[in-house]
Amino acid sequence: MRALLLGLLLPLVAHAEQPLPVYPGTFPTRIGKDLLISGEYYRLAYFQTADPLKQVARYFQKQWVDQGYPVTVDGDFKNEGVVSAFYTREGLVRSIVLTQHEGKTLGFAVLKDVWVREPLSKAHKLPPLEGALFSEDLVLRDDSGGTQARSSLLEGTVDELQARLAKGFNEKGYALIRDTRVKLDGKVQRVVEFSRGKEQAVVGFIQLEPKLVAIQQTWVGSDRPDAVPNDEAVRAAREKAGR
Amino acid sequence: MIALLALVLAAGPVPALNSPVGQALTEPLRAGITGGKVGEWATFRIDGGPERVHFWRIAVVGEETDKKGRPACWLELDMGQHHAMKAPLMQLKMLVARGVGMNADGVTRLFVAVGTEKPNELTEEAVAQLLAADAPKKKGPAATGKLPIELTTTAGRPSQLMTLAGTVSATPVEVRLRSTVVKRVWVSPQVPLLHLAKMEIPAIGHSIEVRDYGINAQSQMVLPPVGAAKIKLEQYDDLAIP
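Residues numbered from 1 in each chain as written. Chains lettered and ligands numbered in written order. Predicted model: local features only at pLDDT ≥ 70, side-chain atom pairs only at ≥ 80, totals over all residues.

Draft legend 1. Broad picture of the overall build of chain A. On a plain count of helices and strands, chain A comes out with five helices and 13 strands. Among the 243 residues that make up chain A, the fraction classed as buried is 27%. In chain A, the proportion of contacts linking residues at least 24 apart, taken out of those at least 6 apart, comes to 49%. (Helix = DSSP H or I, 4+ residues; strand = E, 2+ residues; numbered from the N terminus. Buried ≥ 20, exposed ≤ 12 C-beta atoms within 10 Å, placed from the backbone. Contact = placed C-beta atoms within 7 Å.)

Draft legend 2. Looking closely at the overall build of chain B. Within chain B one finds four helices and twelve strands. Expressed as a percentage of the 242 residues in chain B, the buried residues total 33%.

Draft legend 3. Highlighting the pairing of strand β8 (residues 159-163) of chain B. Residue and element names in this part refer to chain B. Relative to strand β9 (residues 166-177), β8 runs antiparallel, the two being bridged by five bridges. Considered in β9, the bridge of S159 is made with A170. Between β8 and β9, which pair antiparallel and follow one another directly, the connecting turn spans two residues. (Pairing = 2+ DSSP bridges.)

Draft legend 4. Structural context of the confidence of the model for chain B. Counting all residues, the mean pLDDT for chain B is 84, and 82% of those residues have values of 70 or more. With pTM at 0.70, the complex prediction returns an ipTM value of 0.82. (pLDDT = per-residue confidence, 0-100.)

Draft legend 5. Structural context of the pairing of strand β11 (residues 187-196) of chain A. Residues and elements named next belong to chain A. Pairing of strand β10 (residues 175-184) with β11, which is carried by nine bridges, proceeds in the antiparallel orientation. What sits directly across from L176, in β11, is F194. What sits between the antiparallel neighbours β10 and β11 is a turn of two residues, in which D185 has the positive phi angle 50 degrees. Relative to strand β12 (residues 199-209), β11 is paired through eight bridges, and the arrangement is antiparallel. Residue pairing across strands places E193 opposite V202, the latter belonging to β12.

Draft legend 6. Up close: the interface of chain A and chain B. Each side of the interface is counted separately: chain A has 13 residues, and chain B has 14 residues. For the side of chain A that touches chain B, the elements supplying multiple residues, two or more each, are β5 (80-87) and β7 (104-117) of chain A. Its residues assigned to classes, the side of chain A that touches chain B comprises seven nonpolar, five polar and one charged. (Nonpolar A, V, L, I, M, F, W, Y, C, P; charged D, E, K, R; others polar.)

Draft legend 7. Representation of helix α2 (residues 53-67) of chain A within the structure. Residue and element names in this part refer to chain A. With 15 residues, α2 extends 22 Å from end C-alpha to end C-alpha; this agrees with the ideal 21 Å at 1.5 Å per step. Residues of α2 that are buried include every one of L53, V56, A57, F60 and W64, and no others. The buried residues of α2 occupy an angular sector of 100 degrees when the element is viewed end-on, so they sit on one face. For α2, exposure combined with an orientation more than 90 degrees from the buried face picks out Q55, K62 and D66. Taken from the residues just after α2, G68 is the one with a positive phi, measuring 100 degrees. (Expected span 1.5 Å × (residues − 1). Arc of directions from axis to C-beta.)

Draft legend 8. Representation of the environment of V188 of chain A within the structure. Residue and element names in this part refer to chain A. The residue V188 is located in strand β11 in this model. A residue is classified by how many C-beta atoms lie within 10 Å of it, and V188, with 12 of them, is exposed. Separated by 51 residues in the primary sequence, V188 and D137 have C-alpha atoms spaced 24 Å apart.

Draft legend 9. Quick peek at the environment of D66 of chain A. All names here are of chain A. Summarising the element assignment, D66 is placed in helix α2. Judged by C-beta crowding, with 10 C-beta atoms within 10 Å, D66 ranks as exposed. C-alpha of D66 to C-alpha of Q55: the two residues are eleven residues apart in sequence and 16 Å apart in space.

Draft legend 10. Examining the confidence of the model for chain A more closely. Per-residue confidence for chain A gives a mean pLDDT of 82, with 81% of residues at or over 70. Ignoring residues within four places in sequence, the model shows residues 223-229 of chain A, a span with pLDDT below 50, making seven contacts including any to other chains.

Draft legend 11. Quick look at the domain arrangement of chain B. All names here are of chain B. Domain annotation for chain B reports domain 1 (2-134) and domain 2 (152-213). In this assembly, 20 residues from domain 1 lie in contact with 17 residues from domain 2. If you list the elements that add at least two residues to the side of domain 1 that touches domain 2, you get α3 (20-30), β1 (41-47) and β2 (53-65). Grouping the amino acids of the side of domain 1 that touches domain 2 by side-chain chemistry returns twelve nonpolar, five polar and three charged. (Domains from an automatic or database assignment.)

Draft legend 12. Structural context of the nonpolar core. Grouped together as the largest cluster of nonpolar side chains are 54 residues, with contacts concentrated most on A42, I58, V96 and L110 of chain B. Residue assignment places this core across two domains, with domain 1 (2-134) and domain 2 (152-213) of chain B each supplying three or more. If near-sequence neighbours (up to four positions away) are discounted, L110 of chain B is found in contact with L92, M94, E121, L122, V127 and L130 of chain B. Core analysis: the second largest hydrophobic core is formed by 26 residues, Y69, A85, V110 and L140 of chain A among them. (Core = buried A, V, L, I, M, F, W, Y, C linked by C-beta atoms within 7 Å.)

Draft legend 13. Summary view of unusual backbone geometry. Positive phi is not limited to glycine here, since F77 of chain A has a value of about 60 degrees. Inspection of the secondary structure assignment puts F77 of chain A in the loop between β4 (71-75) and β5.

Draft legend 14. Representation of helix α4 (residues 158-171) of chain A. All names here are of chain A. Between the first and last C-alpha of α4 there are 20 Å, a value that for 14 residues agrees with the 20 Å anticipated at 1.5 Å per step. For α4, every residue scored as buried is listed here: L161, L165 and F169. Angularly, the buried residues of α4 cover 75 degrees about the axis, an arc narrow enough to put them on a single face. The exposed residues of α4 that point more than 90 degrees off its buried face are D159, A163, K167 and E171.

Rendered as structure tokens:
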């Protein structure tokens, strides 16, 4: 009987999901399912506690050091701080990112798989924009579709860059459906919307300095336009990486 | 990525194996691994002074016949900051011909991982290159024409020695250069593989002591999928700046 039970349980243990770090007395909330951020594989959750930021950081630092993992700490641990443990045998990094929020400690529990990498060309849906001084992509997939958010910093004026970007969208088959101006924190933001079938892209432009523009692009696909469900994409990426 | 790993590799395992501690621990394995049974393992605590404590794990985790038809064993060498070896900073796994030992001729396959990098196998050329670089340099004849200085070895009586891994029966051996102690070694048949219970190298303030040992070792390295690209090495030592 015991052998039978063991036989049934072992496969479950072998395929158990890698857990996120948890602070005692908190109930972490997952942020989406597994995420691909700039082609890297993440699992995220957040939690809140009344305990001081430094106490939370010390808890994880002590736990991971005692368990025998190499640990790094970064930050002032008054307003913010990051504690990371490196699981070198498994190719995983567990981190706690802490910040102050409304008098409490807000923590993000992060699990990063450094052995799995999705090619960016497959993940990206937004047309490329050459010459960015800075650009960061966040790609999410779930059962209902996917989203991509890109923050960029470019030299030029809003009108020049809007024209360049609109050309890129047009070449990919998107149509311009709205072009508006809204006021945000005292600055005028130009918001342009594009559409292609059931895909939508919203682009916001803000002139930060006379020749410097911040662009925030968001792409949403509600009908799985890549025809690859998230779970299948994650499974394929992990299989490719031998995980 | 592989080029980067090769660069890290050139700066990692070779100096680690060639360090006084690395040589002290691997020297007995370079001439052959005839006695080590599958499953035997030992972890050693290396004390190089304040804030310079680290650990090495040596384990025999399998055996098979190598491509040259020789009996061989899979040897794992890990180096890390904690004796539990849950997250070593360097991992090596090599197929060593038992009768030849851990040298360029005896090692036919070698996997390596540095930090959180995924383990990868070295090409045959890279294995030969790595182990050749790791071989102790041959000393030429003394320039003065004098005979090499003789070291003397003195063995004491077996006694009980308290170690981090528990009390073991060990024989003290002292290696001296005239009246100066070069190293003290406590040899114990109870400690698997190297039979090393403790070693002190007074001149450089290093000590090595067995931390744990056992006979139930299993492979800890996650091997890359079959067909994964292998690591090539490039020689940087001979590059001259014009």
